[in-house]
Amino acid sequence: MPHQRIRIGIDGREFTQQKTGIARIFGPAFKELCRLRPEWEFFLFGNQRTVPPFEANHLTFIRLPERVTFWWDQVTLVHYLKREKIDVFLSPYYKIPFASPCPAIPIVHDLIYLSSDHYRSPRYFFYRPLFHVMGYLYAHRSRMILTDSFYSQNMIIRFFNVPRE
């Protein structure tokens, strides 16, 4: 029986000329996923700074200009997820579009913005509560949350009151 043709959308903005930590971790995993699932279609959504990390016959890169990040996340991306009939959206960090027309899955590597003393400084007085509220909303809007450590898993459960499973 042939595999179903699934359309996977990926937020690719971490793939820039300056390698970010997320790109260093997520890039090889994404490439391996493409290799293992040639029957799936992948759509990498990026902005004006995005450099696709590799090419594949079943990978389409879509460049969407980004002027205001929140607008890109919550309006522009949602429009293109609908337009491309994406089945599942994967974000390599905690942000997802709230109005995603498909199941959205963030990958949360850490909650440093909530757990680090650095973010308790006066400079982050207004941002820290915002990070917590937005993280909570993203977590509860997600179909599932992926993480790469038990420590982060426990922090996600504690900070955002989500079930372990």
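Above this note sits the structure.
Draft legend 1. Inspection of the overall build of the protein at higher detail. Along its length, the protein carries 5 helices and 6 strands. When the helices and strands of the protein are listed from N to C terminus, the series reads β-α-β-β-α-β-β-α-α-β-α. The C-alpha atoms of the protein give a radius of gyration of 16 Å, which matches the 15 Å a tight globule of 165 residues would have. Counted over contacts in the protein with a minimum sequence separation of 6, partners at least 24 positions apart contribute 54%. For the protein, the distance from the average site of its 22 positive side-chain charges to the average site of its 14 negative ones is 3 Å.

Draft legend 2. Just the nonpolar core, in detail. Membership of the largest hydrophobic core comes to 15 residues, with the highest contact counts inside it found for Ile10, Phe26, Phe30 and Phe42. Per-element accounting of this core gives the leading share, 4 residues, to helix α1 (residues 21-36). Membership of the second largest hydrophobic core comes to 14 residues, among which are Leu64, Trp72, Ile86 and Phe89.

Draft legend 3. Spatial organisation of helix α2 (residues 69-83). For α2, which comprises 15 residues, the first-to-last C-alpha distance of 20 Å matches the rise-based estimate of 21 Å (1.5 Å per residue) to within 8%. Taken as a whole, α2 carries its principal kink of about 35° at Leu77. Of the positions making up α2, those classed as buried are Trp72, Asp73, Gln74, Thr76, Leu77, Val78 and Leu81. Buried residues belonging to α2 abut β1 (7-11), β2 (41-46), β4 (88-91) and α4 (127-141). Immediately downstream of α2, the backbone of Lys85 shows phi near 55°, a positive value.

Draft legend 4. Geometry of the side chain of Thr76. Mapping Thr76 onto the fold places it in helix α2. Under the relative-accessibility criterion, Thr76 is labelled buried at 16%. Setting aside its immediate chain neighbours within four residues, Thr76 contacts Leu64 and Trp71.

Draft legend 5. The environment of Asp11, seen in detail. Mapping Asp11 onto the fold places it in strand β1. Taking the C-alpha atoms as reference points, Asp11 and Phe42, separated by 31 residues in sequence, lie 11 Å from one another.

Draft legend 6. Examining the pattern of salt bridges more closely. All told, the structure shown has 10 salt bridges when counted by the stated rule. A salt bridge links Arg5 to Glu41; the nearest nitrogen and oxygen atoms lie 3.4 Å apart. Of the two residues, Arg5 sits in the segment before β1 while Glu41 sits in strand β2, which places them 36 residues apart along the sequence. Accessibility expressed as a relative area gives 44% for Arg5, which makes it partly exposed. Here Arg13 ties to Asp73 by a salt bridge, and the two come within 2.5 Å at their closest N and O atoms. Of the two residues, Arg13 is situated in the loop between β1 and α1 and Asp73 in helix α2; the sequence distance between them amounts to 60 residues. Here Arg13 and Asp73 have matching classes, each one buried. By sharing partners, the salt bridges in this structure join Arg5, Arg7, Glu41, Arg83 and Glu84 into a single network.

Conventions we followed
- Residues numbered from 1 in each chain as written.
- Predicted model: local features only at pLDDT ≥ 70, side-chain atom pairs only at ≥ 80, totals over all residues.
- Heavy atoms only, no water.
- Helix = DSSP H or I, 4+ residues; strand = E, 2+ residues; numbered from the N terminus.
- Rg over C-alpha atoms; globule rule 2.2 N^0.38 Å.
- Contact = heavy atoms within 4.5 Å.
- Lys, Arg positive; Asp, Glu negative; His and termini not counted.
- Charge placed at Lys NZ, Arg CZ, Asp CG, Glu CD.
- Core = buried A, V, L, I, M, F, W, Y, C linked by side-chain atoms within 4.5 Å.
- Buried < 20%, exposed > 50% of the residue type's maximum accessible area, 1.4 Å probe, protein only.
- Expected span 1.5 Å × (residues − 1).
- Bend = angle between axes of the 7 residues up to and from the residue.
- Salt bridge = Lys/Arg side-chain N within 4 Å of Asp/Glu carboxyl O.

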